[in-house]
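The residues making up each chain are set out below.
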Amino acid sequence: MSQFIDDVNQRTQLVGQNRMELLLFHLGGSQTFGINVFKVREVIPSPPLRQIPGSMSVVRGVATLRGGTVPIIDLARAMGLRGSAGAGDSGDQKVVVTEFNRSVQGFWVSAVDRIVNVNWQDVKSPPRGTGRESFLVAVTEIDNKLVEIIDVERVLSIVNPLPSEVSESIRADATVEGGRKVVIVDDSVVARKQIEGAIRGLGFEYEVFKDGQEALDFLEQKAAEGPVRDQVELVISDIEMPRMDGYTLTARIRDDAALKDLKVLLHSSLSGEFNTDMVKRAGADAFLSKFNPDELANAVLDQTGREDRQGE
């Protein structure tokens with residue numbers, strides 16, 4: 001228990017420091033890839049797999065892990081890379097067991113390298129022309145080598161597409177006044193489209209940004225034009241983003257006298273024991289795990305004063 005508490009304390013210290021931990025791994029070649037450690041449950045040797053008739057080719061099978069059934073996704077194949085991370089089945093392959101978007105899945109990789117701590121300011125948007133940029137959220141440089149950070153939400157959407165339509169009963173409950181906008185901040189193309197669909201279904205106008213710095217620049221510009229609460233209803237922000245993460249964006253908003261009264265909803269694929277304390281430290285108004293359109297819609301309506309509007 002003491003080790004667990006130490007781990008929580010260590011990771012919550014990252015709040016407001018714009019830093020994250022990356023697990024580095026390979027997919028059958030020299031290129032290094034990364035995934036946020038917060039998404040990782042464990043790394044295990046390749047387990048025995050059971051084949052599922054009719055499953056997609058990117059799913060190598062399912063494994064029984066800690067009493068549960070977990071799909072094992074061939075990450076290289078899902079990204080359209082040549083060959084497969086498991087090609088040859090040399091016995092050295094690993095499975096990175098992850099938890100995000102309210103599901104547990106394993107990613108089949110050829111080798112796992114190590115965990116590194118990086119500053120989000122050193123993480124950039126992926127370059128065009130790599131042939132796989134649609135599966136990347138960002139890139140960074142470690143030991144003079146390019147590391148490509150994978151958009152695992154995009155990969156998972158291939159295997160398990162999520163709906164983005166809000167239920168008719170909730171749409172009918174939304175009485176939205178014009179003028180003020182919702183600010184959406186997320187580095188994942190898939191996540192942005194999902195959130196946009198939900199917000200559009202409620203009738204809100206919105207602005208979309210792919211990282212916290214872009215969103216902060218926009219909010220500061222709006223504040224210079226007049227009271228920002230007269231222009232922005234709510235900020236919906238992902239947590240892990242290049243240049244500036246959601247925790248740091250929230251902390252910067254709270255530290256700015258012109259922005260501090262803005263409502264902030266952190267909306268992340270990350271889940272687990274660390275988030276409650278981290279959200280509290282950052283100063284967000286609420287936290288919601290991705291992705292359920294009705295839950296997001298209800299959270300947005302609650303944060304933008306649904307009860308006040310109904311009482312008018």
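Along each chain, residue indices are assigned from 1 in the same order as the chain's sequence is written. Given that the model is predicted, a residue must reach a pLDDT of at least 70 before its local features are reported, and side-chain atom pairs must reach 80 or more before they are shown or counted; all residues, however, enter totals for whole chains, interfaces and linings. No hydrogens and no water enter the side-chain calculation; it runs on all heavy atoms of the structure.

### Considerations on the sheet that holds strand β12 (residues 205-209)
Alright, step 1. Two strands pair under a simple rule: DSSP has to find at least two bridges between them. The way it works is that DSSP assigns letters per residue, a run of H or I at least four long becomes a helix, a run of E at least two long becomes a strand, and they are numbered from the N terminus. Strands sit in the order β12-β11-β13-β14-β15 across an open sheet of 5 strands; the sheet is parallel. Each edge of the open sheet carries a strand with a single partner, namely β12 and β15 (286-289). Averaged over all pairs of adjacent strands, the angle between strand axes in this sheet comes to 20°, irrespective of strand direction.
Alright, step 2. Where strand β11 (residues 181-185) and β12 come together, 5 bridges link them in parallel fashion. Of the residues in β12, the one forming a bridge with Ile184 is Val208. Axes here mean lines fitted to C-alpha atoms, for a helix over just the part in contact, with angles spanning 0 to 180 degrees between N-to-C directions.

### Here we look at the pattern of salt bridges
Alright, step 1. For salt bridges, the criterion is a side-chain nitrogen of Lys or Arg within 4 Å of an Asp or Glu carboxyl oxygen. Scanning the entire structure with this criterion turns up 18 salt bridges.
Alright, step 2. Of the charged contacts in the structure, one is a salt bridge between Glu42 and Arg66, with a shortest N-O distance of 2.8 Å. Taken together, the residues span a long stretch of sequence, with Glu42 in strand β3 (residues 40-45) and Arg66 in the loop between β4 (59-65) and β5 (68-74) at a distance of 24 residues.
Alright, step 3. Note that Lys290 and Asp186 form a salt bridge whose closest N and O atoms lie 2.6 Å from each other. On the criterion of sequence distance, the pair formed by Lys290 in the loop between β15 and α9 (293-303) and Asp186 in the loop between β11 and α5 (189-202) is long-range, its members being 104 residues apart. Pair check on accessibility: Lys290 and Asp186 agree, each one buried.
Alright, step 4. Shared partners join several salt bridges into a network, and the residues in it are Glu153, Asp186, Asp238 and Lys290. Accessible area is worked out with a 1.4 Å probe on protein chains only. A residue is then buried under 20% of its type maximum, exposed over 50%, and partly exposed in between.

### Overview of the nonpolar core
Alright, step 1. We call a set of buried Ala, Val, Leu, Ile, Met, Phe, Trp, Tyr and Cys residues a nonpolar core when their side-chain atoms join them within 4.5 Å. Formed by 26 residues in total, the largest nonpolar core has its most connected members in Val183, Val185, Leu219, Val235, Leu249 and Leu262.
Alright, step 2. Of all the elements in the fold, those that place two or more residues in this core are β11, α6 (212-225), β13 (232-237), α7 (246-255), β14 (264-268) and α8 (275-282).
Alright, step 3. For this core, the element with the highest residue contribution is α6, accounting for 4 residues.
Alright, step 4. Look past the residues within four positions of Leu262 in its chain and what remains in contact with it is Leu219, Val228, Arg229, Val232, Val235, Ile253, Arg254 and Asp285.
Alright, step 5. Judged by nonpolar contacts, the second largest core, of 24 residues, contains Leu27, Phe33, Ile73 and Leu81. Throughout, a contact is declared for two residues whenever any of their heavy atoms are within 4.5 Å.

### A word on unusual backbone geometry
Alright, step 1. At the junction of Lys290 and Phe291, the peptide bond is cis and its omega measures out at -20° in the coordinates.
Alright, step 2. Here Phe291 shows up in the loop between β15 and α9.
Alright, step 3. The phi angle at Arg102 is positive, at roughly 65°, despite the residue not being glycine.
Alright, step 4. With respect to the helices, strands and loops of the structure, Arg102 is situated in the loop between β6 (94-100) and β7 (103-109).

### Structural notes on the packing of α5 against α9
Alright, step 1. Where α5 meets α9, the closest approach of the two axes is 10 Å, and the angle between their N-to-C directions is 55°. Viewed along their axes, α5 and α9 adopt a mutual orientation that is oblique. Relative to α9, the crossing made by α5 is right-handed. Side by side, α5 and α9 meet where Ile195, Ala198, Ile199 and Leu202 of the first sit next to Pro293, Leu296, Ala297, Val300 and Leu301 of the second.
Alright, step 2. Each residue is assigned to one of three groups, with Ala, Val, Leu, Ile, Met, Phe, Trp, Tyr, Cys and Pro labelled nonpolar, Asp, Glu, Lys and Arg labelled charged, and all others, Gly among them, labelled polar. For the contact of α5 with α9, the per-class residue count stands at 9 nonpolar, no polar and no charged. Any angle that is under 35 degrees is reported as roughly parallel, and any over 145 degrees as roughly antiparallel; angles of 65 to 115 degrees are reported as roughly perpendicular and all others as oblique. Note: crossing handedness is left-handed where the near helix turns anticlockwise from the far helix by less than a right angle, and right-handed where it turns clockwise.

### So, the pairing of β14
Alright, step 1. Across the 5 residues of β14, 5 count as buried, placing the element largely inside the fold.
Alright, step 2. By the alternation rule, side chains of β14 split into Val264, Leu266 and Ser268 and Leu265 and His267, which are all buried.
Alright, step 3. Across 3 bridges, β13 lies against β14 in parallel orientation. In the sheet register, Ser237 faces β14, and the bridge partner there is Leu266.
Alright, step 4. One crossover worth recording links β13 to the parallel β14 by way of α7, and it is right-handed. By convention, a crossover is right-handed whenever its connection, traced from the first strand over the helix to the second and viewed with the strands pointing away, goes clockwise.

### Comments concerning α9
Alright, step 1. Where α9 is concerned, the buried positions are Pro293, Leu296, Ala297, Ala299, Val300, Leu301 and Gln303.
Alright, step 2. Polar contact is defined as a pair of N or O atoms within 3.5 Å, subject to the rule that within protein one atom must be able to donate a hydrogen and the other to accept it, and that residues adjacent in sequence are counted only when both atoms are side-chain atoms. Here α9 starts with a cap whose side-chain oxygen sits 3.0 Å from the backbone nitrogen of Asp294, and that cap is Asn292.
Alright, step 3. After α9 finishes, the residue Gly305 shows a positive phi value of roughly 85°.

### Remarks on the confidence of the model for the protein chain
Parts of the model with low pLDDT should not have their predicted coordinates read in detail.
Alright, step 1. Per-residue confidence from the prediction method is given by pLDDT, with values spanning 0 to 100. For the protein chain, mean pLDDT is 84; residues scoring 70 or higher make up 84% of the total.
Alright, step 2. Per-element mean pLDDT across the protein chain ranges from 40 in helix α1 (residues 2-12) up to 97 in α6.
Alright, step 3. Under a pLDDT of 50 for its full length, residues 1-13 has, in the predicted model, 14 contacts with residues more than four places off or in other chains.
Alright, step 4. Counting contacts from residues 307-312, a segment whose pLDDT is below 50, to residues more than four positions away or on other chains yields 5 contacts.

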